[in-house]
Amino acid sequence: MTDTSVRTRLLEGTLEVLGAHGVAGTTSRRIADAAGTNLQAITYHFGSKDALVGQALVHAVRRWLEPVRQALARVDTDPIGGLV
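Cut-off values and rules
Residues numbered from 1 in each chain as written. Predicted model: local features only at pLDDT ≥ 70, side-chain atom pairs only at ≥ 80, totals over all residues. Heavy atoms only, no water. Salt bridge = Lys/Arg side-chain N within 4 Å of Asp/Glu carboxyl O. Helix = DSSP H or I, 4+ residues; strand = E, 2+ residues; numbered from the N terminus. Buried < 20%, exposed > 50% of the residue type's maximum accessible area, 1.4 Å probe, protein only. Arc of directions from axis to C-beta. Polar contact = N/O pair within 3.5 Å; in protein donor to acceptor, adjacent residues only side chain to side chain. Core = buried A, V, L, I, M, F, W, Y, C linked by side-chain atoms within 4.5 Å. Contact = heavy atoms within 4.5 Å.

Colleague: Help me understand the pattern of salt bridges, please; the structure alone is not making it clear to me.
Modeller: Oppositely charged side chains may form a pair once their charged atoms are brought near each other. Summed over all chains, the structure comprises two salt bridges. Residue Glu12 pairs with Arg63 through a salt bridge whose shortest N-O separation is 2.7 Å. Separated by 51 residues along the polypeptide, Glu12 in helix α1 (residues 3–21) and Arg63 in helix α4 (residues 49–74) bring together distant segments of the chain. Accessibility expressed as a relative area gives 32% for Glu12, which makes it partly exposed. Assessed through its relative accessible area of 40%, Arg63 is described here as partly exposed. Across the pair Glu66 and Arg69 runs a salt bridge whose closest N-O atoms are separated by 2.7 Å. Of this pair, Glu66 and Arg69 both sit in helix α4, three residues apart, which is roughly one turn of that helix.

Put into C-alpha cells, the structure is as follows:
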C-alpha cells in the first residue's frame, strides 16, 4: 500500500466521519477506523487531526470545483457562456 493511498483513505474517511458525526464527533479513532488504518497514520501523514480535517475539507472543495474548472478550461472567450 502506498503513502498516497493511505493519505487518500484518511481524507475520504475524515469526510465520511464529518458527515456522520459532525465536527464535535469527529475523533481520531473514528477517522482511523473509517480509513482502515491506525491512529499513528494521522500524525505521520498530516501532523495532527486538525490538520487532517482541514486538508479533507480542502480536498472536498477541490473535488466539487473540478467540473467547473474543466468547463472553464474548455472556453476561450466567454467563460460564463461556456458554463451555460
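Colleague: Honestly, helix α3 (residues 39–46) in this entry has me stumped. Any pointers?
Modeller: Each full turn of the α-helix corresponds to 3.6 residues, which orients residues three or four apart in the same direction. What α3 keeps buried is the set Ala41, Ile42, His45 and Phe46. The buried residues of α3 occupy an angular sector of 105° when projected down its axis, which confines them to one face. Projecting away from the buried face of α3 at angles above 90 degrees are the exposed residues Gln40 and Tyr44. With a side-chain oxygen lying 3.2 Å from the backbone nitrogen of Gln40, the N-terminal cap of α3 falls on Asn38.

Colleague: Honestly, helix α2 (residues 28–35) in this entry has me stumped. Any pointers?
Modeller: When α2 is considered as a whole, its buried residues turn out to be Ile31, Ala32 and Ala35. For α2, the angular spread of buried residues about the axis comes to 95°, placing them on one side. In α2, the exposed positions that point more than 90 degrees away from the buried face belong to Arg29 and Asp33. Within two residues after α2, Gly36 carries a phi angle of roughly 70°, on the positive side.

Colleague: Which parts of the structure should I look at to understand the nonpolar core?
Modeller: Proteins that are soluble and globular tend to have nonpolar side chains buried together. If you look at the biggest cluster of nonpolar residues, it comprises 15 residues, and the most contacted ones within it are Leu10, Leu11, Leu15, Ile31, Ile42, Phe46 and Leu52. At the level of elements, α1, α2, α3 and α4 are the ones that each hand at least two residues to this core. Looking at this core element by element, the count peaks at six residues for α1. The residues touching Leu10, leaving out its near neighbours within four places in the chain, are Ile31, Ala35, Thr37, Ala41, Ile42, His45, Phe46 and Leu52.

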